[in-house]
Amino acid sequence: MAPADDTPHHPAAVHPTLEALGLDVAPRDRPLVYPGAWPEESGLLDGDRLLPLTRRTFPGRVPVLAVGSNASPAQLRHKMRQYELSSPIPLVKARVTGLRIGVSAHVSAMGYVSASPFRAPGHTRELFLTWLDPAQLAAVDASEGVTRPSGAYDRVTLPADGFRVEPEWGEPLDGVHLYVNRHGVLHDGTGTPRAQCGQRELLSRLLAESPRLRELFGSTPEEFCSRARGDLGLCAEGTRLFALEGRATASGLEKYVHGAGPAASFGGQQTGSPGTGESLSPPWM
């Protein structure tokens, strides 16, 4: 179990459950709901409840931007339970300039095609910051494949001079972390990164665009999720197909990967990652 921290708890009886808030369905259980429901406000994820925050600083924790299902309380709860972690997680709204949310150029064995950020100078949008303690950070790193050479994501640190992250209170942050896909992101056919949309719409479009993808994963989003889920070999073949069909492009964030030089590749050649000093292995990616 994770060691106790000083993140404040609240009497559970006076706060609604994730189910009552409509935040209880994890994409890991139902892939077509990816990226899952995000909260409307900042809060403290404590087990099955999302509580009000009573503090604005979180010593000993690392700020990590969530661009996909890591902003879903149900998905975070699922990941923490895998590793028997029970410490609360603060989720704080922030205005982020310099990023947009795209589509990962890989097929996840969770049964969906996940989100990944790409560089977009001048663009501003609202995202959530998850403030993770060391054990939580190690668990999320493992879930994203950071600690595995064959994993899908690296964790990078964004420089303040290229990206502005403004929590809904306080000063802009420096040294915010972000997960970047090693395979790059999918483009829209013109070389421009494809914008994220709902999973059903995304899969319908991807399948319509590629006969070979339909041969592998079926002709409907439901078939895609069913075939992909848990089949590491098939998912790897789908990921290779994205590259072979020329559908992947760089996110523009590769240069921030630790140890990456000018030749860092979005095609998975760069396998270095910051890590956390701990190595956890998820059941499957």
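Numbering of residues begins from 1 in every chain and follows the order in which that chain's sequence is written. Per-residue local features of the predicted model are confined to residues with pLDDT of at least 70, and side-chain atom pairs are confined, for both listing and counting, to 80 or more; whole-chain, interface and lining totals are unaffected and use all residues. Side-chain measures were taken over the full set of non-hydrogen atoms in the model, leaving aside hydrogen atoms and water.

(A) Examining the nonpolar core more closely. Buried Ala, Val, Leu, Ile, Met, Phe, Trp, Tyr and Cys residues form a nonpolar core when they are joined through side-chain atoms within 4.5 Å. Relative accessible area decides the class of each residue, using a 1.4 Å probe on protein chains only: under 20% of the type maximum gives buried, over 50% gives exposed, and in between gives partly exposed. Residues Leu65, Leu99, Leu158, Leu178 and Leu253 are the most contacted members of the largest nonpolar core, which totals 26 residues. Those elements giving two or more residues to this core turn out to be strand E4 (89-103), strand E5 (115-132) and strand E8 (177-181). Numbering goes from the N terminus for both helices and strands, where a helix is a DSSP run of H or I of at least four residues and a strand is a run of E of at least two. Considering every element that reaches this core, the biggest residue donor is E4, with five residues. Apart from the residues within four sequence positions on either side, leucine 99 is in contact with Leu65, Pro117, Phe118, Ala120, His123, Arg125, Leu158, Phe163, Leu178 and Leu253. Throughout, a residue-residue contact means that at least one pair of heavy atoms, one from each residue, lies within 4.5 Å.

(B) Geometry of the confidence of the model for the protein chain. Values of pLDDT, the confidence the predictor places in each residue, fall between 0 and 100. For the protein chain, mean pLDDT is 88; residues scoring 70 or higher make up 86% of the total. The low-confidence segment residues 1-6, where pLDDT is below 50, has twelve contacts with residues more than four positions distant or belonging to other chains.

(C) Structural detail: the pattern of salt bridges. Salt bridges, as used here, are contacts in which a Lys or Arg side-chain nitrogen is within 4 Å of a carboxyl oxygen on Asp or Glu. Applying the stated criterion across every chain, the model contains 16 salt bridges. The salt bridge involving glutamate 126 is made with lysine 93; its shortest N-O contact spans 3.4 Å. Here glutamate 126 is found in strand E5, whereas its partner lysine 93 is found in strand E4, with 33 residues between them in sequence. Taking the relative accessible area as the measure of exposure, glutamate 126 reaches 43% and is therefore partly exposed. The partner of arginine 205 in a salt bridge is glutamate 201, and the shortest N-O contact between them spans 2.3 Å. Within this pair, arginine 205 and its partner glutamate 201 are both found in helix H4 (residues 199-209), separated by four residues, close to a single helical turn.

(D) Spatial organisation of the packing of aromatic side chains. Each Phe, Tyr or Trp ring (for Trp, its six-membered ring) is paired with any other whose centre lies within 6.5 Å, and the angle between the two planes then decides the class: stacked below 30 degrees, edge-to-face above 60, tilted in between. If you walk through the whole model with that rule in mind, you get five aromatic pairs. Arranged with centres 6.3 Å apart and planes meeting at 80 degrees, the rings of tryptophan 38 and phenylalanine 128 form a pair that is edge-to-face. Placement of the pair is tryptophan 38 in the loop between helix H1 (18-21) and strand E1 (43-46) and phenylalanine 128 in strand E5, with a sequence separation of 90 residues. Ring centres 5.3 Å apart and planes at 45 degrees place the aromatic pair phenylalanine 58 and tryptophan 131 in the tilted group. Taken as a pair, phenylalanine 58 in the loop between strand E2 (49-51) and strand E3 (62-66) and tryptophan 131 in strand E5 lie far apart in primary sequence, 73 residues in all. Each of the two residues, phenylalanine 58 as well as tryptophan 131, counts as buried.

(E) Representation of helix H3 (residues 134-144) in the model. By the criterion of burial, H3 is predominantly enclosed, with ten of the eleven residues buried. For H3, every residue scored as buried is listed here: Ala135, Gln136, Leu137, Ala138, Ala139, Val140, Asp141, Ala142, Ser143 and Glu144. Against E3, helix H2 (73-82), E4, E5, strand E6 (153-157) and E8 lie the buried residues of H3. Any pair of N or O atoms that falls within 3.5 Å is considered a polar contact. Within protein, one atom must be able to donate a hydrogen and the other to accept it, and sequence-neighbouring residues count only if both atoms are side-chain atoms. The opening residue of H3, the one whose side-chain oxygen lies 3.2 Å from the backbone nitrogen of alanine 135, is aspartate 133. Phi turns positive, to about 80 degrees, at glycine 145, one or two residues after H3.

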